[in-house]
Amino acid sequence: KQEVTQIPAALSVPEGENLVLNCSFTDSAIYNLQWFRQDPGKGLTSLLLIQSSQREQTSGRLNASLDKSSGRSTLYIAASQPGDSATYLCAVSNSSASKIIFGSGTRLSIRP
Amino acid sequence: GAVVSQHPSWVICKSGTSVKIECRSLDFQATTMFWYRQFPKQSLMLMATSNEGSKATYEQGVEKDKFLINHASLTLSTLTVTSAHPEDSSFYICSAHDSPKQPQHFGDGTRLSIL
């Protein structure tokens, strides 16, 4: 059974710092991995999608890496801004038709 | 980009009431829609998967007679919480995709509060 874990559960850093969010999964036979952002009381916004054959994806100040063999992914946020404050969710899918398994998220707070 | 609209965004009702939540794909045909539930400070838990024109597949522990799902068209799925009770209060989110190889697109969620 696939399980997804995110550490830390909460993180607070001053504006401008670079930071890394961690995600680990128990079953390395994944189809893809996604990072989402969720603002309080809102739905999910997809940030980056990494296919199982890829090692990383980049979008602006965000970079996500994937190491299937070790069951890990990281989300790197460069030059953090207060607007980056949100909950970041990692989610994996084990096949093209299977459900998404979400981690419990990291609540990120960027202090001005 | 693909847009999924969810309605209503917030509903408060008395215990025993049945509540219907709609999920629409606005610019694509959603062959599959997913319904999730999220309790405060917890992650999303899949409740059921629905394919257009067929019965929904429910996750273990989710009562199909309490959470009625209808996916009658390629652009609309509904979740009805029947005889809702305070313990059903939660944030319900739907998602949809037009192909299994495409990422799911999420709605903005519905906050359900049962008094």
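Residues numbered from 1 in each chain as written. Chains lettered and ligands numbered in written order. Predicted model: local features only at pLDDT ≥ 70, side-chain atom pairs only at ≥ 80, totals over all residues. Heavy atoms only, no water.

Participant: Tell me what's going on with the sheet that holds strand β1 (residues 4-7) of chain A, and back it up with residues and numbers.
Facilitator: Residue and element names in this part refer to chain A. Reading across from one edge, β1-β3-β8-β7-β6 is the order of the five strands in this open sheet, with antiparallel pairing throughout. Two strands close off the open sheet at either side, each with one partner strand: β1 and β6 (56-59). Shown here is a sheet whose adjacent strand axes are inclined to one another by a mean of 15 degrees, direction ignored. Of the strand pairs in this sheet, strand β3 (residues 19-25) and strand β8 (residues 72-77) are connected by six bridges, and their pairing is antiparallel. Bridge pairing links Ser24 to Arg72 in β8. (Pairing = 2+ DSSP bridges. Helix = DSSP H or I, 4+ residues; strand = E, 2+ residues; numbered from the N terminus. Axes fitted to C-alpha atoms, helices over the stretch in contact; angles between N-to-C directions.)

Participant: Could you give me a rundown of a nonpolar patch on the surface, with the residues and numbers involved?
Facilitator: Residues and elements named next belong to chain B. A cluster of nonpolar side chains, namely Trp10, Ile12 and Leu115, defines an oily patch on the protein surface of about 390 Å² accessible area. Within the fold, Leu115 resides in the segment after β11 (110-114). In this structure Leu115 comes out as exposed when scored by relative accessible area, which is 64%. (Patch = residues over 30% accessible without salt bridge, like charges linked within 9 Å, V, L, I, M, F, W, Y side chains within 5 Å. Areas by Shrake-Rupley, 256 points an atom, 1.4 Å probe, with all protein chains shown as cover. Salt bridge = Lys/Arg side-chain N within 4 Å of Asp/Glu carboxyl O. Buried < 20%, exposed > 50% of the residue type's maximum accessible area, 1.4 Å probe, protein only.)

Participant: Quick one: what's the story with the interface of chain A and chain B, residue by residue and with numbers?
Facilitator: Taken together, the contact between chain A and chain B spans 17 residues of the former and 16 residues of the latter. Buried area between chain A and chain B, summed over both chains or domains, comes out near 1,400 Å², and the portion from carbon and sulfur atoms is 57%. Contact with chain B buries surface across chain A, with Leu44(A), Lys99(A) and Phe102(A) losing the most and accounting together for 29% of the total. Across the chain A-chain B interface, the total number found is one salt bridge. Lys99(A) is the partner of Glu59(B) in a salt bridge, and the nearest nitrogen-oxygen pair spans 2.4 Å. If you look at where chain A meets chain B, you find four residue pairs in polar contact (both at pLDDT 80 or more). A per-element tally of the side of chain A that touches chain B places strand β4 (residues 32-38) of chain A first, with three residues. A breakdown of the residues in the side of chain A that touches chain B according to their chemical character gives eight nonpolar, seven polar and two charged. (Contact = heavy atoms within 4.5 Å. Buried area = accessible area lost by both parts, 1.4 Å probe. Polar contact = N/O pair within 3.5 Å; in protein donor to acceptor, adjacent residues only side chain to side chain. Nonpolar A, V, L, I, M, F, W, Y, C, P; charged D, E, K, R; others polar.)

Participant: So what's going on with the sheet that holds strand β1 (residues 4-7) of chain B? Residues and values would help.
Facilitator: Residues and elements named next belong to chain B. The sheet built from four strands is open, its strands ordered β1-β3-β8-β7 with antiparallel pairing. Where the open sheet ends on each side, the last strands, each with one partner, are β1 and β7 (67-73). On average, each strand axis in the sheet is tilted by 15 degrees relative to the strand beside it, whichever way the strands run. When β7 meets strand β8 (residues 76-81), the two strands line up antiparallel, connected through five bridges.

Participant: Requested: an account of the layout of surface pockets, with residues and values cited.
Facilitator: To find leftover empty space, one rolls a probe the size of a water molecule over the atoms. Roughly 510 Å³ of internal volume is contained in the largest pocket. Every residue lining the largest pocket is counted, 20 residues in all, and those nearest its centre are Lys1(A), Ile101(A), Leu44(B), Met45(B) and Leu46(B). Of all the secondary-structure elements, those providing two or more residues to the lining of the largest pocket are β10 (100-102) of chain A together with β5 (44-51) of chain B. Broken down by element, the residue count for the lining of the largest pocket peaks at four residues, all from β5(B). (1 Å grid on protein atoms, 1.4 Å probe; cavity = no way out; pocket = protein on both sides within 12 Å on 5 of 7 lines; lining within 4 Å. Points joined across faces, edges and corners; volume = space filled by probe spheres on them.)

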